[in-house]
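# Commentary on secondary and tertiary structure
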Amino acid sequence: MAATMHAFANGAELARNLADKVAASLSAAIDARGAATFAVSGGSTPKLFFQELSARDLDWTKVTITLVDERFVAANNPRSNHLLVAENLLRNKAEAANFLPLYQAAGSVEEAARLATSATARIGNPFDVAILGMGGDGHTASFFPRGSNLKVALDPNTPRGIITMEAEGAGEPRLTFTFSSLQDAKLLVLHIEGESKKDVLTKAQSAGDEAEMPIRAILRRAASPVEIYWAP
Ligand SMILES: O=C1O[C@H](COP(=O)(O)O)[C@@H](O)[C@H](O)[C@H]1O
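What you are looking at is a predicted structure, and each value in this text was computed from that prediction instead of being measured.

Rules of the game
Residues numbered from 1 in each chain as written. Predicted model: local features only at pLDDT ≥ 70, side-chain atom pairs only at ≥ 80, totals over all residues. Heavy atoms only, no water. Helix = DSSP H or I, 4+ residues; strand = E, 2+ residues; numbered from the N terminus. Rg over C-alpha atoms; globule rule 2.2 N^0.38 Å. Buried < 20%, exposed > 50% of the residue type's maximum accessible area, 1.4 Å probe, protein only. Areas by Shrake-Rupley, 256 points an atom, 1.4 Å probe, with all protein chains shown as cover. Lys, Arg positive; Asp, Glu negative; His and termini not counted. Charge placed at Lys NZ, Arg CZ, Asp CG, Glu CD. Axes fitted to C-alpha atoms, helices over the stretch in contact; angles between N-to-C directions. Parallel < 35°, antiparallel > 145°, perpendicular 65-115°, else oblique. Left-handed = near helix turned anticlockwise from the far one by under 90°. Contact = heavy atoms within 4.5 Å. Near = heavy atom within 4 Å. Polar contact = N/O pair within 3.5 Å; in protein donor to acceptor, adjacent residues only side chain to side chain. Nonpolar A, V, L, I, M, F, W, Y, C, P; charged D, E, K, R; others polar. Pairing = 2+ DSSP bridges. Salt bridge = Lys/Arg side-chain N within 4 Å of Asp/Glu carboxyl O.

Our next topic: the overall build of the protein chain. Within the protein chain one finds eight helices and 10 strands. Taken against the 2.2 N^0.38 rule, which gives 17 Å for 232 residues, the C-alpha radius of gyration of the protein chain at 16 Å falls within 12% of a compact globule. Looking at the protein chain as a whole, 56% of its 232 residues are labelled buried. Total accessible area on the protein chain is roughly 9600 Å²; 50% of this is exposed by carbon and sulfur atoms. Treating the 23 positive side-chain charges of the protein chain as one cloud and the 26 negative ones as another, the clouds have centres 2 Å apart.

Shown next, in the form of structure tokens:
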């Protein structure tokens, strides 16, 4: 499916425009079905967008938010994606949203993946909105190059749900929604900022192996069009 590039003058302008687009999609889902589902990324990029979106006027009590991926760390760990969402999105008006974490206080990351899959099974078939990020190595969600479970994660026949991932450069073991869970979101956004990420995107859009740059799986095979939001 084709990708569309939306380029903005700076991160603040991007955050405003992306918040408008996401708020409109969530509101449309609430009007149509009485509920909306929203999967967000972690990392450093989404902070301003989260803050902007948190002040948007919509019926947040009808919105269920989850993460596309998470580190196997508790929510008070500074590296937790949950913490980023709690501090920047689940506040202001969006404080009323329901949040389903991926991290589970289980004895192993594999058990946490099973618990998170069952805790999120009722949402995301498909998600109304999924926001992906991209690392400088071409990973998205926790689809890391040379990741322990990358083949399974990217296989379109792997069911919806959460699996584990370990990789050099990933730090802690990870929990990640599979490709099949994310690729058909009704609004599928890739949010990246900076010239270097644009260069990574250009490389990802050229010929090459998906395993080398897993974002290629989304750019090449997602059922939904990919809306790329970029600012320098
Ligand atoms: O590890 C992660 O990194 C990516 C990209 O993060 P950024 O800091 O370069 O914006 C992020 O999309 C993903 O959710 C996160 O777990």
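Another aspect to go through is the packing of helix α1 (residues 11-33) against helix α2 (residues 47-54). One can describe the packing of α1 onto α2 by two numbers: an axis separation of 8 Å at closest approach and a directional angle of 50°. By the criterion of interaxial angle, the relationship of α1 to α2 is oblique. As α1 packs across α2, the resulting crossing turns out to be right-handed. Contacts from Gly 11, Ala 12, Ala 15, Arg 16, Leu 18, Ala 19, Val 22 and Ala 23 in α1 reach Leu 48, Phe 49, Glu 52 and Leu 53 in α2.

Before going further, it helps to spend a moment on the site of the ligand. Taken together, 14 residues lie near the ligand, and Gly 42, Ser 44, Thr 45, Asp 69 and Lys 197 sit nearest. Measuring from an oxygen atom of the ligand, one finds a side-chain N or O atom of Asn 81 at 3.1 Å. Protein chains shield 89% of the accessible area of the ligand, which is 400 Å² for the free molecule. Along the lines of polarity and charge, the residues of the shell around the ligand split into one nonpolar, nine polar and four charged.

This next bit is on the environment of Glu 52. Here Glu 52 is to be found in helix α2. For Glu 52, a relative accessible area of 25% puts it in the partly exposed group. Distance from Glu 52 to Ala 19, taken between C-alpha atoms, is 6.3 Å for residues 33 residues apart in sequence. Not counting residues within four places of it along the chain, the set of residues in contact with Glu 52 comprises Ala 15, Arg 16 and Ala 19. Here Arg 56 takes part through its side chain, which lies 3.0 Å from a polar atom of the side chain of Glu 52.

Within the open sheet, the seven strands sit side by side as β1-β10-β9-β6-β2-β3-β5. Their pairing is parallel. Whereas interior strands pair on both sides, the edge strands pair on one side only; in this sheet they are β1 (3-7) and β5 (98-100). Adjacent strand axes in the sheet meet at a mean angle of 20° when their direction is disregarded. Note: strand β3 (residues 63-67) against β5, three bridges, orientation parallel.

Let us now look at the pattern of salt bridges. Any two side chains of opposite charge can pair, so long as their charged atoms come close to each other. Following the criterion strictly, the structure yields 14 salt bridges and no others. In this structure, Arg 221 and Glu 210 form a salt bridge, with 2.9 Å as the shortest nitrogen-oxygen distance. One end of the pair, Arg 221, is in helix α8 (residues 215-221); the other, Glu 210, is in the loop between α7 (195-204) and α8, and 11 residues separate them in sequence. Looking at Arg 221, the relative accessible area reads 29%, which means it is partly exposed. One network of salt bridges, in which partners are shared, links Asp 20, Glu 52 and Arg 56.

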